[in-house]
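For reference, the chains in residue letters:
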Amino acid sequence: MFHAADLRSLLTAVARGEINPETALDKLKHLAFEPVEDFAKIDHHRQLRTGFPEVIWGPGKTTAQIAQIINVLRQNSPVVMATRIEAEIAAQLQEQVTDLVYYPLARICAIAAAAPENPPKGIISILTAGTADIPVAEEAAVTAQLCGFSVQRLWDVGVAGIHRLLNHRHLLDAADVLIVVAGMEGALPSVVAGLVDRPVIAVPTSIGYGTSFGGIAPLLTMLNSCAVGIGVVNIDNGFGAAMLAGQILRTAARLA
């Protein structure tokens, strides 16, 4: 837990020249968390360590618990975000947190500060194989936008009609990172990765007939791709794909 005495001691050491500012910053990254009653511990310094504040996983929590966590997080975070929130729960949350914005397709609730003066550089393009994959893709898109990145959406360009993808080749070339979301057999990321010279993040979805096994089949297809430059996240994990894309772009900006 963050204690005022710890901070005072650290700042005094910096003032005396006993600790340099870089070391002090490293210590601060690992210093603070705040308990919320007896059910949560809020990691206020996650953005310092990872580039984005702690995000609330909605399922399994009561509406009251989510609202309490939101109100604690917003005291120190430029963005507060809760994922996998169904519409009924979102409506209840908005009664308690009046400025909460709900993104129904993405199932995300968020409070975001004004756009930063210096937004992170990079374009994240998000593709779906089919219309049924859009909710997972929207989770990625909204997450990336809340991270401050520019997002391009390209829906329903799967391999069953590959000309639809090829007709938008210019959008692939304009992207810095691509997130490709597909269910069924999951072939689209391999095709895209064979056309571009930038990272491709593959997201298998649970969309498909019986032998897709709830997303296992596209997951295995993506893991076994012969195209290079593909990273694969878990089934239906649009959020994780967006966070990985953001880390890639932040690293690229730091190395530039």
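Residues numbered from 1 in each chain as written. Predicted model: local features only at pLDDT ≥ 70, side-chain atom pairs only at ≥ 80, totals over all residues. Heavy atoms only, no water.

With an unreviewed UniProt entry as reference, the chain is termed PurE domain-containing protein, source organism Microcystis aeruginosa PCC 9717.

What to know about the overall build of the chain
Helices and strands together make up the secondary structure of the chain, namely 11 helices and 11 strands. For the chain, the spread of C-alpha atoms along the principal axes amounts to about 65 × 45 × 30 Å. Expressed as a percentage of its 256 residues, the buried residues of the chain come to 42%. In the chain, once contacts between residues fewer than 6 apart in sequence are set aside, the share between residues at least 24 apart is 64%. Accessible surface, the chain: about 12900 Å² in total, of which carbon and sulfur atoms supply 56%. Each charge class in the chain was averaged separately, 18 positive and 23 negative side chains, and the resulting centres sit 6 Å apart. (Helix = DSSP H or I, 4+ residues; strand = E, 2+ residues; numbered from the N terminus. Buried < 20%, exposed > 50% of the residue type's maximum accessible area, 1.4 Å probe, protein only. Contact = heavy atoms within 4.5 Å. Areas by Shrake-Rupley, 256 points an atom, 1.4 Å probe, with all protein chains shown as cover. Lys, Arg positive; Asp, Glu negative; His and termini not counted. Charge placed at Lys NZ, Arg CZ, Asp CG, Glu CD.)

Things to note about the UniProt feature "domain: PurE" (unreviewed entry) in the chain
The positions UniProt marks with the feature "domain: PurE" (unreviewed entry) are residues 122-254. End C-alpha to end C-alpha, residues 122-254 measures 12 Å, and it is 41% helix and 19% strand. (UniProt positions renumbered as here; feature names shortened; annotations may be inferred.)

Things to note about the domain arrangement of the chain
According to the domain assignment, the chain consists of domain 1 (1-31), domain 2 (32-112) and domain 3 (123-255). Between domain 2 and domain 3, the contact holds 14 residues from the first and 14 residues from the second. Carbon and sulfur atoms supply 70% of the area buried between domain 2 and domain 3, which totals about 1100 Å² over both sides. Among the residues of domain 2 in contact with domain 3, Phe52, Arg84 and Leu105 are the three that bury the most area, contributing 40% of the side total. With a closest N to O distance of 2.6 Å, Glu139 and Arg84 form a salt bridge. Applying the counting rule to domain 2 against domain 3 returns two residue pairs in polar contact (both at pLDDT 80 or more). The set of elements that each furnish at least two residues to the side of domain 2 that touches domain 3 consists of strand 4 (79-83) and strand 6 (108-112). Its residues placed into classes, the side of domain 2 that touches domain 3 shows 10 nonpolar, three polar and one charged. (Domains from an automatic or database assignment. Buried area = accessible area lost by both parts, 1.4 Å probe. Salt bridge = Lys/Arg side-chain N within 4 Å of Asp/Glu carboxyl O. Polar contact = N/O pair within 3.5 Å; in protein donor to acceptor, adjacent residues only side chain to side chain. Nonpolar A, V, L, I, M, F, W, Y, C, P; charged D, E, K, R; others polar.)

What to know about the packing of helix 6 (residues 134-146) against helix 11 (residues 238-255)
Their axes nearest at 7 Å, the elements helix 6 and helix 11 cross at an angle of 35°. The handedness of the crossing between helix 6 and helix 11 comes out as right-handed. Contacts between helix 6 and helix 11 pair Val136, Glu139, Ala140, Thr143 and Ala144 from the former with Gly238, Phe239, Ala242 and Met243 from the latter. Classifying every residue of the contact of helix 6 with helix 11 gives six nonpolar, two polar and one charged. (Axes fitted to C-alpha atoms, helices over the stretch in contact; angles between N-to-C directions. Left-handed = near helix turned anticlockwise from the far one by under 90°.)

A few points about the pairing of strand 9 (residues 177-182)
Of all six residues making up strand 9, six are buried, and the element is well covered by its neighbours. The side-chain alternation of strand 9 yields two buried faces, one formed by Val177, Ile179 and Val181 and the other by Leu178, Val180 and Ala182. With five bridges joining them, strand 7 (residues 123-128) and strand 9 adopt parallel strand pairing. Note that in strand 9 the partner of Thr128 across the bridge is Val181. The sheet contact formed by strand 9 and strand 10 (residues 200-204) spans five bridges and is parallel. (Pairing = 2+ DSSP bridges.)

As for the state of the cysteines
Under the counting rule described, the total for this entry stands at zero disulfides. Free of any disulfide, Cys109 has its nearest cysteine sulfur in Cys147, 17 Å distant. Cys109 gets classed as buried once you look at its relative accessible area, which sits at 1%. (Disulfide = S-S within 2.5 Å.)

Notes on the pairing of strand 6
The buried fraction of strand 6 amounts to four of the five residues, a majority that puts the element mostly inside the structure. Bridge analysis of strand 4 against strand 6 gives five bridges, and the strand direction is antiparallel. Looking at strand 6, one finds that Val80 is bridged to Ile111. Relative to strand 6, strand 5 (residues 101-103) is paired through three bridges, and the arrangement is antiparallel. By the bridge assignment for strand 6, Tyr103 is matched with Ile108. Connecting strand 5 to the antiparallel partner strand 6 that follows it, the hairpin turn spans four residues, and Arg107 within it adopts a positive phi of roughly 55°.

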